[in-house]
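Per-entry structural report
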Amino acid sequence: MLFRSMPLASGFRQANGMALSPEGELFVTDNQGDYKASTGLLHVERADFHGHAASLKWEPGYNAVGLTVEALWRRLKTPAVVFPHGPMGQSPGQPAWDTTGGKFGPYTGQIFVGDYSRLVVRATLERVDGAWQGACFPFLGRNETPGYVAGDRLKAGVTRAAFAPDGTLYLGATAGWGAGDDGLQRVRWDGMATFELHDVQLTGRGFRISLTQPASPATLAAATHYEINRFRYYYHVKYGSPWIDEARVVVTGVRPAADGRSVELECDDLQPGFVYEVSVPRLRSAAGEALANPLAYYTANRLRDGRRAIGGT
């Protein structure tokens, strides 16, 4: 039997983990560097270009003379979920979908990605205007930015992750780059219902935030308890990028759900092509408990009304 390898997509810098979603969609993580403003979770389809120019030399008809940054930018497919460099780690590994049916807590269908900075990032996805995009959250291990992220640091950095049939999350540890010791770390749910942001989803006029427990009605209904900022990145040959075009997004309306487990926020001037930082440290559960990780980043490549960013951000 003869096997042939066929190119699928290009533009990766240092992809360090791939996985198929439960729907059979291919996702990979890539690392910050030249042409790569930040790390992130990439949805990969045939003929995609994910930003880094080096692999284009294998394309038929390749012409280095016409390979301008603007031309690259116009064909770039941005990450489905940006993991902002620093708050959401520095070098992500393999994504793992929680298909345990509740054995790992209330996160069935969500994605867990270990990072060499001794952090596990949790991510969610949704389809908007036919494309995948979504949010990410700190989950396990302390990252110094921001300082209020809960949890002890892991023993080592993580590049591989997998769920076992019993709901255990196994993390492949690496000693590379001074990240700790080689080995295997085991993470199991203790059955306790931690107060967490469960998801952040895009609506027609803002965002819907869902929670793992009912929130205090008073804290859930206060517009001042929601701080939303947006930013984007340069697309250039330089290593990484600062946050640019930063702006506060004004919350103009708050609609809590009757059960206290979610809230819809109306926001002023939503724009595509931005990462939206959602910070809610003042929310409290009905029992008065603070959120374990009151931070999320939503990647809004497209909006519900069909507006989208052209090329890279």
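As a reminder, the structure under discussion sits directly above these lines.
Let me sum up the structure you'll find in this document.

Reading the values: rules and limits
Residues numbered from 1 in each chain as written. Predicted model: local features only at pLDDT ≥ 70, side-chain atom pairs only at ≥ 80, totals over all residues. Heavy atoms only, no water. Helix = DSSP H or I, 4+ residues; strand = E, 2+ residues; numbered from the N terminus. Rg over C-alpha atoms; globule rule 2.2 N^0.38 Å. Buried < 20%, exposed > 50% of the residue type's maximum accessible area, 1.4 Å probe, protein only. Contact = heavy atoms within 4.5 Å. Areas by Shrake-Rupley, 256 points an atom, 1.4 Å probe, with all protein chains shown as cover. Lys, Arg positive; Asp, Glu negative; His and termini not counted. Charge placed at Lys NZ, Arg CZ, Asp CG, Glu CD. Disulfide = S-S within 2.5 Å. Phe/Tyr/Trp six-rings, centres within 6.5 Å; stacked < 30°, edge-to-face > 60°. Lys NZ or Arg CZ within 6 Å of the ring centre and 35° of its normal. Pairing = 2+ DSSP bridges. Axes fitted to C-alpha atoms, helices over the stretch in contact; angles between N-to-C directions. Polar contact = N/O pair within 3.5 Å; in protein donor to acceptor, adjacent residues only side chain to side chain.

Assigned secondary structure in the protein consists of 2 helices and 19 strands. Whereas a compact globule of 313 residues would reach a radius of gyration of roughly 20 Å, the protein reaches 20 Å, a difference of no more than 12%. Principal axes of the C-alpha set define a box for the protein whose edges measure 60 × 45 × 40 Å. A burial count over the protein gives 53% of its 313 residues as buried. Taking the intrachain contacts of the protein between residues at least 6 apart in sequence as the baseline, contacts between residues at least 24 apart amount to 60%. Roughly 14,500 Å² of accessible area belongs to the protein as shown, and the carbon and sulfur atoms make up 52% of that amount. Put simply, the protein has 32 plus and 31 minus side-chain charges, and the middle of one group is 2 Å from the middle of the other.

This part is about the state of the cysteines. Think of a disulfide as a covalent bridge from one cysteine sulfur atom to another cysteine sulfur atom. All told, the structure shown has 0 disulfides when counted by the stated rule. This cysteine, Cys 136, is not joined by any disulfide, and Cys 267 carries the nearest cysteine sulfur, 17 Å off. Judged by its relative accessible area of 11%, Cys 267 falls in the buried class.

Counted under the stated rule, the structure contains 17 aromatic pairs. Each ring, one from Phe 104 and one from Phe 163, has its centre 5.1 Å from the other, and the planes form 80°; the classification is edge-to-face. Placement of the pair is Phe 104 in the loop between strand 5 (92-97) and strand 6 (111-115) and Phe 163 in strand 9 (residues 157-163), with a sequence separation of 59 residues. Here the two residues Phe 104 and Phe 163 agree in accessibility, since each one is buried. Measuring from centroid to centroid gives 6.0 Å for Tyr 107 and Phe 112, while their planes differ by 80°, and the two rings are edge-to-face. As far as burial versus exposure is concerned, Tyr 107 and Phe 112 are alike and both buried. Of the aromatic side chains, those joined through ring pairs into one cluster are Phe 104, Tyr 107, Phe 112, Phe 139 and Phe 163. Above the plane of the ring of Phe 137 lies Arg 122, whose end atom (NZ or CZ) is 4.3 Å from the centre. Just above the ring of Phe 274 sits the side chain of Arg 230; from NZ or CZ to the centre is 5.0 Å.

Attention now goes to the sheet that holds strand 9. Taken together, the 3 strands give an open sheet; going across it, the order is 9-10-11, and neighbouring strands pair in antiparallel fashion. Looking at which strands have only one partner, the edges of the open sheet turn out to be strand 9 and strand 11 (183-187). The average undirected angle you get between the axes of adjacent strands in this sheet is 25°. As paired strands, strand 9 and strand 10 (residues 169-174) are joined by 6 bridges and run antiparallel to one another. Its bridge partner being in strand 10, Phe 163 is matched across the sheet by Leu 169.

For the rest of this paragraph, the subject is the sheet that holds strand 1 (residues 18-20). Overall, antiparallel pairing links the 4 strands, which are arranged 1-2-3-4 in an open sheet. Of all strands in the sheet, those with a lone pairing partner are strand 1 and strand 4 (81-83), marking the two edges. Ignoring strand direction, the axes of neighbouring strands in this sheet form an average angle of 25°. Pairing of strand 1 with strand 2 (residues 26-30), which is carried by 3 bridges, proceeds in the antiparallel orientation. When the bridges of strand 2 are listed, Met 18 appears paired with Val 28.

Turning next to the environment of Ser 55. With respect to the secondary-structure elements, Ser 55 resides in the loop between strand 3 (39-44) and helix 1 (69-75). Here Ser 55 falls in the partly exposed class, since its relative accessible area comes to 22%. For the pair Ser 55 and Phe 12, spaced 43 residues apart in the sequence, the C-alpha separation amounts to 7.7 Å. Among residues more than four places away in sequence, those in contact with Ser 55 are Ser 10 and Gly 11.

Here the focus is the side chain of Thr 168. You can see Thr 168 is positioned in the loop between strand 9 and strand 10. Owing to a relative accessible area of 2%, Thr 168 belongs among the buried residues under this scheme. Side-chain polar atoms of Thr 168 contact the side chain of Asp 166, separated by 2.9 Å. Apart from the residues within four sequence positions on either side, Thr 168 is in contact with Ala 162, Phe 163, Arg 186, Val 187 and Arg 188.

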